[in-house]
Amino acid sequence: MPLAVYILGLAVFALGTSEFMLSGLLPPLADDMDVSIPTAGLLISAFAIGMVIGAPLLAVATLRLPRRTTLIALITVFGLGQVAGALAPTYEVLFASRVISAFACAGFWAVGAAVAIAMVPLDARARAMAVMIGGLSIANVLGVPAGAFLGEHLGWRSAFWAVGAASAVALAGVMTLIPRIPVPAERPQLKREMTIYRDRQVWLSITVTALSAGGVFCAFSYLAPLLTDVAGLDSGWVPSVLGLFGVGALVGTALGGRYADAHLFGVMLSGITASTVLLVLLALTASNPAAVVTLTFLLGVSAFYTAPALNARIFNIAAAAPTLAGATTTAAFNLGNTGGPWLGGVVIDADFGFASTAWAGAAMAVVAIALTAVSLRFHHRATSRVVTGSPKLPPSPSPSASPAASPSLCPSAPAQDATPTEAANG
């Protein structure tokens, strides 16, 4: 794996820490800004929605710009957004800084994913994405608890300063280690990239990604009150259990990245099914502290075990539009991160209790399993047509092909529903 891919993972660590750290900073932030905790919580929603909107917009806006230059600009804007948040005199300024940071974060995710895919051969895509997602996992293990620690001892603004410093380190790495990605012979065209949205497999992948992520975060977003009000644990346990979820996420990312390239649909189906079972068990054993803590760790494993495969799947079926593919998968995950907590809030407001969020999440995951099966059926049909009746398709690049020969660097190439890697999954 090229060192540059790990630099992208370092940048994602900073992005992920900023995205999730507010969950441990809301009380002191609300007191300092003189707003209610629900109002302060809107800063989290604003970031997620900014990611959903910003990913495709930034991908389109930067479509014809050099990838390395774009990454430098986006991580710079993100870092400045953290500084603005640390210095924000009012809630409104802080809110604006979160939206700007979210846009830059979304753009970096989308472009960075495309760059990571471009730097590795076809059979290493999921492993490259696992490195980037690993940065997010480490953010949950180290960054979020560290942000909460800083907020408790040095004030919530110190957490923003820390993320700003991490962004500066990532910027230095991008400037020195990310290579210049060769410009395609034919310049990318938005109209051509937009054609990926005519493919039903793309929409199936978007929906599966959103539902699988949303199912897990429907329960995870309300884990703190479930631990204290239902399982009966002291509030001091909450950061440790959240960190345990992050450890599980790191383990799951490593496992998923290892097996997803060779067994993409197998990883998707087994991972989402495991999440479904774990959510059901969480709902049934919510009053048992030991069970809740154990299931939280395992849920982190299953959720992030599936993530590299979900990322790689969209890139495989949208090879003609690598930048929009990265934006699409970023938006899909954040649709889940927005919709899941919303559904959890709905069932709580309906007086079903905090444990009901696990039931709601399991229901979302069941739909994701069904749609994955539908996608697999379409995939088998497309593979059969390629094998039996499409001799005109260009030869697939070998695993040793140079990055310059990869389809991810050739937006003008036709999108193929069945790639050599996925054909092996059948």
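Note that the coordinates shown come from a computational prediction; the quantities given were computed from them, not determined experimentally.

Draft legend 1. Here's a closer look at the pattern of salt bridges. This structure, assessed with the given rule, holds one salt bridge. Here Asp 32 ties to Arg 157 by a salt bridge, and the two come within 3.3 Å at their closest N and O atoms. Residue Asp 32 is located in helix H2 (residues 26-33), and its partner Arg 157 is located in helix H7 (residues 156-177); the two are separated by 125 residues in the primary sequence. Here Arg 157 falls in the partly exposed class, since its relative accessible area comes to 26%.

Draft legend 2. Geometry of helix H10 (residues 223-230). Within H10, the full set of buried residues consists of Leu 223, Leu 226 and Leu 227. Here the buried residues of H10 occupy an arc of 100° about the axis, which is enough to place them on one side. Elements in contact with the buried residues of H10: helix H9 (200-220), helix H11 (237-259) and helix H13 (289-317). Where H10 ends, the next residue or the one after it, Gly 232, has phi of about 80°, a positive value.

Draft legend 3. Looking closely at the packing of H11 against H13. At a minimum axis separation of 6 Å, H11 and H13 run at an interaxial angle of 35°. Viewed along their axes, H11 and H13 form a crossing whose handedness is right-handed. Residues Val 241, Leu 244, Phe 245, Val 247, Gly 248, Ala 249, Val 251, Gly 252, Thr 253, Leu 255, Gly 256 and Gly 257 of H11 lie in contact with H13, whose contacting residues are Val 293, Thr 296, Phe 297, Leu 299, Gly 300, Val 301, Phe 304, Tyr 305 and Pro 308. Across the contact of H11 with H13, the residue classes tally to 14 nonpolar, seven polar and no charged.

Draft legend 4. Broad picture of the packing of aromatic side chains. Under the criterion given, the structure shown has seven aromatic pairs. Taking 6.1 Å as the distance between ring centres and 50° as the angle between the ring planes, the aromatic pair formed by Tyr 91 and Phe 95 counts as tilted. Here Phe 95 and Tyr 91 lie together in helix H5 (residues 91-118), a separation of four residues that amounts to about one turn. Its relative accessible area of 12% is what places Tyr 91 among the buried residues. Seen in terms of ring centroids, Phe 217 and Phe 220 are 5.5 Å apart; in terms of plane orientation they differ by 85°. Their pairing is edge-to-face. A residue pair is termed a helical-turn pair when its members lie 3 or 4 positions apart in one helix, as Phe 217 and Phe 220 do in helix H9 at three residues. An aromatic cluster is defined as three or more aromatic residues linked by ring pairs; in this entry it consists of Phe 217, Phe 220, Phe 245 and Phe 304. Stacked on the ring of Phe 378, the Lys or Arg Arg 200 has its end atom at 3.7 Å from the ring centre.

What counts and how
As a convention, each chain's residues are numbered from 1 in the sequence order in which they are written. Local features in this predicted model are restricted to residues of pLDDT 70 or higher, and side-chain atom pairs are both shown and tallied only at a pLDDT of 80 or more, whereas totals for entire chains, interfaces and linings draw on every residue. Only hydrogens and water are set aside when side-chain values are computed; all heavy atoms of the structure are taken into account. The term salt bridge refers to a pairing of a side-chain nitrogen on Lys or Arg with a carboxyl oxygen on Asp or Glu at a separation within 4 Å. Strands are runs of DSSP state E lasting at least two residues, helices are runs of H or I lasting at least four, and both sets are numbered from the N terminus onward. Note on exposure labels: buried denotes an accessible area under 20% of the residue type's maximum, exposed denotes more than 50%, and partly exposed covers the range between, all computed with a 1.4 Å probe on protein chains only. The directions from the helix axis to the C-beta atoms are what the arc is built from. Residue contacts are defined here by distance: any two heavy atoms, one from each residue, within 4.5 Å place the two residues in contact. With axes taken as lines fitted to C-alpha atoms, and helix axes fitted only over the stretch in contact, angles between N-to-C directions fall between 0 and 180 degrees. Two helices crossing with the near one rotated counterclockwise from the far one by less than a right angle form a left-handed crossing, whereas a clockwise rotation gives a right-handed crossing. Classes in brief: Ala, Val, Leu, Ile, Met, Phe, Trp, Tyr, Cys and Pro nonpolar; Asp, Glu, Lys and Arg charged; the others, Gly included, polar. Each Phe, Tyr or Trp ring, with Trp reduced to its six-membered ring, pairs with another whose centre is within 6.5 Å; inter-plane angles below 30 degrees give stacked pairs, above 60 give edge-to-face pairs, and intermediate values give tilted ones. When the NZ atom of lysine or the CZ atom of arginine is within 6 Å of a ring's centre and also within 35 degrees of its normal, the charge is said to sit over that ring.

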